[in-house]
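# Structural description and commentary
Listed here are the chains, written in short residue letters.
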Amino acid sequence: MKKIQMVDLGGQYQGIKEQVNTAISTIMESAAFINGPEVHAFQKDLETYLGVKHVIPCANGTDALQIAMMGLGLTPGDEVITADFTFAATVEVIALLQLTPVLVDVDPHTFNIDIDAIERAITPRTKAIVPVHLFGQCADMDAILALAEKHDLYIIEDNAQAIGADYTSKGGRKQKAGTIGHVGSTSFFPSKNLGAYGDGGAIFTNDDELAHTLRGIVNHGMYQRYHHDVVGVNSRLDSIQAAVLRAKLPKLDTYCEKRRDAARKYSEAFSGQGNIVVPVAANGCEGICDSCDCHVFHQYTLKITNGKRDALVEHLKEKNIPCGVYYPIPLHRQKAYIDERYNEIDFPVTNQLVQEVISLPMHTELDDEQIAFITETVIGFINE
Ligand SMILES: *Cc1c(COP(=O)(O)O)cnc(C)c1O
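Since the structure is predicted, the reported quantities are computational estimates derived from the model, not experimental observations. (Residues numbered from 1 in each chain as written. Predicted model: local features only at pLDDT ≥ 70, side-chain atom pairs only at ≥ 80, totals over all residues. Heavy atoms only, no water.)

Within the secondary structure, Q299 is located in the loop between β12 (276-277) and β13 (300-304). Taking the relative accessible area as the measure of exposure, Q299 reaches 12% and is therefore buried. Leaving out residues up to four positions away in the same chain, Q299 has contacts with M6, F135, Y326 and S359. (Helix = DSSP H or I, 4+ residues; strand = E, 2+ residues; numbered from the N terminus. Buried < 20%, exposed > 50% of the residue type's maximum accessible area, 1.4 Å probe, protein only. Contact = heavy atoms within 4.5 Å.)

Here's what the structure looks like:
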């Protein structure tokens, strides 16, 4: 059996080696390392793939979120509601801009932001909601759009984990994750579903004026050379990363399908196991949806309900099966984000999830032998 990895980027590279190597050497020859034609070409390719008017490439997914918030003109003291159960980058940029983060609980089945909790957290100072499309599927965007309209709020989608996922609204309209709210962001960190060979990120919007503002902010607030109209940042996607991403983008749907395939096999093997809860696709789809791309499985995350999660992590380590606990501590209990406004009784779900979740190896190169070994090891240990 091949060595099991959490993410197998080396294996994936073998399938695209020629395209990637040619693309990179073309950049070397052209010496257009920053903002070269390759970055523009990737931007256009991604706009077409996502069906969005504007893609603004930048240096990483954290910058993308920050720049999106700067572009919307949010100012210190504005309250921004986001999920308590996510990677810290989301809340970090809110705090960094001196906006007020308002963390709320999540849904126990989808792990995504809880709609009732958002509603309870809205005050006259609330300016924006940041749904995080966690582990590869969209938050309940219909409900979030309705809340945003009712209370006149911006929606900034943190789409670092769900690029390529579809969201079908109740009216039947299908849109790509990250293109539904006012603005969306993503990350091209190597292990993300569309990963570069270094850092990268992008912002998406259908709003022409906002896109113009964002393009200036990523480039030192410059709209005309050496005229700095607003305070900006330096956040660029380099041409080599753009070339890698351009070679990989045509494969993204196949990559997502391979992830979904692995997820399906995992869930089949775990079915009927009382102490193991498998991930569900929400968005009106049952189980792991066969007919659409509503879940792209950035992570395959189980809940272990008999208190053996930590012991399972240790056991898998001994068996050379990598795994991850995303996330072990709710953000409202992280030192940097503790706030007296938070009340433990408002976070029953995240407080439980941090004790129960475990993410198994998930990537495009998993084979049946590996999946069988992983599932048999997990099931054997849980029932011991
Ligand atoms: C990865 C990630 C980010 C940050 O992306 P970087 O490119 O690492 O800065 C932000 N939000 C979420 C939910 C992520 O998973």
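Back to the write-up after that little detour.
Next up on the list: empty space enclosed by the protein. Overall, the coordinates contain two cavities of 30 Å³ or more when judged by the stated rule. Here the largest cavity is characterised by a volume of approximately 80 Å³. Every residue lining the largest cavity is counted, 14 residues in all, and those nearest its centre are L9, Q12, K192, R259 and T364. By residue class, the composition of the lining of the largest cavity is four nonpolar, six polar and four charged. For the lining of the largest cavity, the domains that each give at least three residues are domain 1 (9-250) and domain 2 (252-383). The calculated volume of the second largest cavity comes to roughly 50 Å³. Together, H109, T110, F111, L134, F135, Q137, P279, V280, H295, Q299, Y300 and T301 line the second largest cavity. Looking at the lining of the second largest cavity residue by residue, the classes come out as six nonpolar, six polar and no charged. Taken together, domain 1 (9-250) and domain 2 (252-383) each give at least three residues to the lining of the second largest cavity, which thus spans both. (1 Å grid on protein atoms, 1.4 Å probe; cavity = no way out; pocket = protein on both sides within 12 Å on 5 of 7 lines; lining within 4 Å. Points joined across faces, edges and corners; volume = space filled by probe spheres on them. Nonpolar A, V, L, I, M, F, W, Y, C, P; charged D, E, K, R; others polar. Domains from an automatic or database assignment.)

Taken together, N60, G61, T62, T86, F87, A89, V132, D158, A160, Q161, S187 and K192 make up all the residues around the ligand. Contacts to the ligand include D158, whose side-chain N or O atom sits 2.8 Å from a nitrogen atom. One of the side-chain nitrogen or oxygen atoms of S187 is found 2.6 Å away from an oxygen atom of the ligand. When isolated, the ligand has an accessible area of 380 Å², and the protein chains bury 90% of it. In this structure, the ligand is accommodated by the largest pocket. Of the residues that constitute the shell around the ligand, the class distribution is four nonpolar, six polar and two charged. (Near = heavy atom within 4 Å. Polar contact = N/O pair within 3.5 Å; in protein donor to acceptor, adjacent residues only side chain to side chain. Areas by Shrake-Rupley, 256 points an atom, 1.4 Å probe, with all protein chains shown as cover. Sits in = over half its atoms within 2 Å of the grid points.)

As enumerated under the stated definition, the model contains twelve aromatic pairs in all. These aromatic residues form a ring-pair network of at least three members: F85, F111, F135, Y326 and Y327. One Lys or Arg, K308, reaches over the ring of F381 and ends 4.5 Å from the middle of that ring. Between R341 and the ring centre of Y342, over which it is positioned, the NZ or CZ distance is 5.1 Å. (Phe/Tyr/Trp six-rings, centres within 6.5 Å; stacked < 30°, edge-to-face > 60°. Lys NZ or Arg CZ within 6 Å of the ring centre and 35° of its normal.)

So, about the pairing of β13. β13 sits mainly inside the fold: five of its five residues count as buried. With two bridges connecting them, β12 and β13 associate as antiparallel partners. Paired with I276 across the bridge in β13 is I304. In terms of strand pairing, β13 meets strand β14 (residues 357-360) through four bridges, oriented antiparallel. Following the sheet pairing, L302 is matched in β14 by I358. (Pairing = 2+ DSSP bridges.)

Turning to the domain arrangement of the protein, a few remarks are in order. On domain assignment, one finds that the protein holds domain 1 (9-250) and domain 2 (252-383). Computed from C-alpha atoms alone, the centre-to-centre distance between domain 1 and domain 2 is 24 Å. Facing the 47 residues of domain 1 at the interface are 37 residues of domain 2. Buried surface at the junction of domain 1 and domain 2, both sides included, amounts to about 3500 Å², of which 57% is carbon and sulfur. The interface formed by domain 1 and domain 2 includes 21 residue pairs in polar contact (both at pLDDT 80 or more). Elements with a minimum of two residues in the side of domain 1 that touches domain 2: α1 (9-14), α5 (89-96), β3 (100-104), β6 (166-168) and β7 (174-176). In terms of residues, the side of domain 1 that touches domain 2 owes the most to one element, β3, which gives five residues. By residue class, the composition of the side of domain 1 that touches domain 2 is 25 nonpolar, 13 polar and nine charged. (Buried area = accessible area lost by both parts, 1.4 Å probe.)

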